[in-house]
Amino acid sequence: MAKGKAAPATKPLKPVSTTIVADEVLTDVLEKEKPRFVVDYDYYLQLLWEANPKLHQLLSESDSLEDARDSVFGYLERTERELFELDNELHILEKATVREAIRVFKSIIGPINEKRTSMSALDCLWRLARGKRSKLKRDVSVGFLTEFVNLFRAVAGRSNIYREHEEVKRGIPEFLRLEGRAAAVKRSEMLDDVAAMVHKYFTRYPSGLDKEVVAWRSENRERILRFFGGKPEDWEDYRWHLEHVITKPETVLQLIEVPAELREALRSAEKVRLPFGITPYYLSLMDRNPAIGFDHAVRAQVLPPLDYVNAMAEHRKERTSYFDFMGEHDTSPVDLITRRYPLICILKPYNTCSQICVYCQRNWEIDQCLDPKALAPEEEVNAAIEWIAARNGLGDILVTGGDPAVTGDDYLESLLDRLSAIDHIYRIRIGTRTPVVLPQRFTDKFSDLLAKYHKPGRREIAVVTHFIHSYEITPEACEAVQKLKRRGMSVYNQQVYTVENSRRFESAKLRRDLRTIGVDPYYVFNMKGKRETMRYMVPIARILQERKEEARLLPGLDRTDEPVFNVPKLGKNHLRAMQDHRLVMIMPDGSRVYEFHPWEKNLTPMPPYNYVDVPIYSYLEEMAARGENIQDYRTIWFYY
Ligand code: SF4
């Protein structure tokens, strides 16, 4: 409850051990043993009406849905106009929030958006306001109510975003009332506090370069070498790792401790022959005992949960259609090529990797880890290269797969020879996760091979990799990157934003650690809405919040990445470009529906894409289950 505010006139919360109160945008008592929120629906309803009594009145006094629509539209328009009045004393930043909220609210109650989503949030609000919950066409969840509690408040100018900042509330922060050195000292003191807060968060996310982590990983390494009968020098040899890639989930159980549910998932994965693979090196990044808790992202990357295993097994036969979320079938003009942009295309000559990521976008076409049949037939590769050669407009070729770094030196050399012979190609990108999962592969010989084609002024060779967490950044990964950098090549990172790296400042720490080893953050991807990997997904609002409230606090050279949503069939939508997406509906479960505009907007009249996000409420629930203080995330609702 906001300080000094009377308790709502409703029955008290049930005496449960885990409760949330939306007024504080969640959290009262959180107990790890009770990971899911238990809530009192009526209490939330009460909060909703208190959030904006005027809206409640208008809704409850409307005799029909269309009356309600007229009244609410009218109210929103009047409120917007009042923002421009001379005597409106709302803080100018709060006014900005009001404007945004009004824009969103109008969109949600627009009949056109009701038609496209087959849902009317307004109808639900209207019936609820008239006490007719039983007459709802679809019952709405607490996740739905919390969205509207916050939208109602935002429209009323009571988002309370700045509640800690009493000075801001008074209008002018103290340092602005001073001058010269005194002002600078005051401002610096304030910035010291913010810096201390950032560093406090950073300590929660150790990197693999930290001394203690290096020490306990050397024990892991010895244990794994012993298990496979290897010698210490084998660890430095990437071929040894490739020969000992763990492709049987059962083997993992002999090397690390795994909680019961995951053990069952691994056994099922083995039974249904799910593509599975972990390099011994990557396994050494996992703490033997999961209770340490730092390796969650590393584990989640390769150890499939049960629901994922079941979905993959269930749709095994039709997986090329069921799991092709990106519609790659529709953007491949010839075999092995994907093209969504004018100057770029993707060439995929190799269809597997040295380990298999659980949320791989290409899980529909990868059959098996290090599948001996994964190399495309020579005629197909030749035809794809000829296709590239025939298109002068193409300049940047992303060679990926699968992981091209796992193909042999000779194979890659021959491929690069042929691509480099094409005059109009000025950049070849190698998309590879090998610096993360098998950095030993970047020997001097292999790095020299890549450098041979890197000709400043003519053609660039760049490596694009995929670190997801600071815990993956190790001395070995650093050495691999440095080998490339010393030869003049750049290394970029594409991070996927998941529940595993989305806690406060977790990705900020990743960016900082990446820069210390010479990797430039390039993209942060919203996860694809692939049904089988829903449990990893983070709402778009959280990505926007992270960008504004966490990444923004880093020096500019650390936050060179762009948050994007790779819209199926269309390509990358820049999430920071507000004009390129808009929120159009809140669904009964609290998920937001967005209309995403294609990157070709203003160039070609491509149709937009409707995307149903994961509910913010569910995400916060997951964060609470992981021990997070949900109040840390309370402004998430105001990112659209
Ligand atoms: S490295 Fe890329 S292609 Fe390979 S399994 Fe992981 S996500 Fe898929």
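Keep in mind that this is a model prediction, so the values were computed, not measured.

**A short note on a negative patch on the surface**
Taken together, the side chains of E82, E85, D87 and E89 define an acidic patch exposed on the protein surface. Within the secondary structure, D87 is located in the loop between helix 3 (65-82) and helix 4 (92-109). Assessed through its relative accessible area of 63%, D87 is described here as exposed.

**Quick look at the environment of T498**
As for its position among the elements, T498 is in the loop between strand 6 (490-497) and helix 24 (506-516). Residue classification places T498 among the buried residues on the basis of a relative accessible area of 1%. Setting aside residues no more than four positions away along its own chain, T498 makes contact with Y359, M527, Y536 and V538.

**Side note on the environment of D448**
Along the polypeptide, D448 turns up in helix 22 (residues 444-451). A sequence separation of 36 residues divides D448 from L484, and the C-alpha atoms of the two residues are 8.5 Å apart.

**Quick notes on the sheet that holds strand 8 (residues 562-567)**
One open sheet holds the 9 strands; their spatial order is 1-2-3-4-5-6-7-8-9, and the pairing between them is mixed. The open sheet has two edge strands with one neighbour each: strand 1 (337-338) and strand 9 (571-574). Two elements, strand 6 and strand 7 (residues 520-526), share 6 bridges in a ladder whose sense is parallel. Note that in strand 7 the partner of N493 across the bridge is P521. Running over the sheet, helix 20 (residues 409-420) touches strand 2 (344-347), strand 3 (396-399) and strand 4 (427-431) and is turned about 150° from strand 4. Contacts from helix 25 (residues 540-549) reach strand 6, strand 7 and strand 8, with the element oriented near 135° to strand 6.

**Thoughts on the pattern of salt bridges**
Applying the stated criterion across every chain, the model contains 44 salt bridges. Taking the shortest distance from any N to any O, the salt bridge between K186 and E189 comes out at 3.4 Å. One end of the pair is K186 and the other is E189, both in helix 10 (residues 180-202) and 3 residues apart, which spans about a single turn. In this structure, the salt-bridge partner of D520 is R515, at a minimum N-O distance of 2.8 Å.

**Here we look at helix 1 (residues 41-51)**
Counting buried positions along helix 1 yields 8 of 11 residues, so the element is predominantly enclosed. The complete set of buried residues in helix 1 reads Y41, Y43, Y44, L45, L47, L48, W49 and A51. For helix 1, the N-terminal cap is D40; the gap from its side-chain oxygen to the backbone nitrogen of D42 is 3.1 Å.

**Description of the packing of helix 20 against helix 22**
As a packed pair, helix 20 and helix 22 sit with axes 10 Å apart at the nearest point and diverge in direction by 10°. The angle between helix 20 and helix 22 falls in the class roughly parallel. Together, D409, L412, E413 and L416 of helix 20 and K445, F446, L449 and L450 of helix 22 make up the contact between the two elements. Among the residues forming the contact of helix 20 with helix 22, the class breakdown is 5 nonpolar, no polar and 3 charged.

**Here we look at the side chain of E562**
The residue E562 is located in strand 8 in this model. In this structure, E562 is in contact with Y522, Y523, V524, H574 and R576, ignoring residues within four places of it in sequence.

**Details of helix 3**
Along an α-helix, residues three or four positions apart point the same way, because every turn accommodates 3.6 residues. A rise of 1.5 Å per residue sets the reference length of helix 3, with its 18 residues, at 26 Å; its end C-alpha atoms lie 26 Å apart and thus fit the reference within 8%. Those residues of helix 3 hidden inside the fold are in contact with helix 2 (53-61), helix 4, helix 5 (111-117), helix 6 (121-129) and helix 7 (142-155).

**Digging into the site of the ligand**
Taken together, C353, Q355, I356, C357, C360, G402 and R433 form the complete shell of residues around the ligand. Across the shell around the ligand, the residue classes break down as 4 nonpolar, 2 polar and 1 charged.

About the criteria used
- Residues numbered from 1 in each chain as written.
- Predicted model: local features only at pLDDT ≥ 70, side-chain atom pairs only at ≥ 80, totals over all residues.
- Heavy atoms only, no water.
- Patch = residues over 30% accessible without salt bridge, like charges linked within 9 Å, V, L, I, M, F, W, Y side chains within 5 Å.
- Areas by Shrake-Rupley, 256 points an atom, 1.4 Å probe, with all protein chains shown as cover.
- Salt bridge = Lys/Arg side-chain N within 4 Å of Asp/Glu carboxyl O.
- Lys, Arg positive; Asp, Glu negative; His and termini not counted.
- Charge placed at Lys NZ, Arg CZ, Asp CG, Glu CD.
- Helix = DSSP H or I, 4+ residues; strand = E, 2+ residues; numbered from the N terminus.
- Buried < 20%, exposed > 50% of the residue type's maximum accessible area, 1.4 Å probe, protein only.
- Contact = heavy atoms within 4.5 Å.
- Pairing = 2+ DSSP bridges.
- Axes fitted to C-alpha atoms, helices over the stretch in contact; angles between N-to-C directions.
- Polar contact = N/O pair within 3.5 Å; in protein donor to acceptor, adjacent residues only side chain to side chain.
- Parallel < 35°, antiparallel > 145°, perpendicular 65-115°, else oblique.
- Nonpolar A, V, L, I, M, F, W, Y, C, P; charged D, E, K, R; others polar.
- Expected span 1.5 Å × (residues − 1).
- Near = heavy atom within 4 Å.

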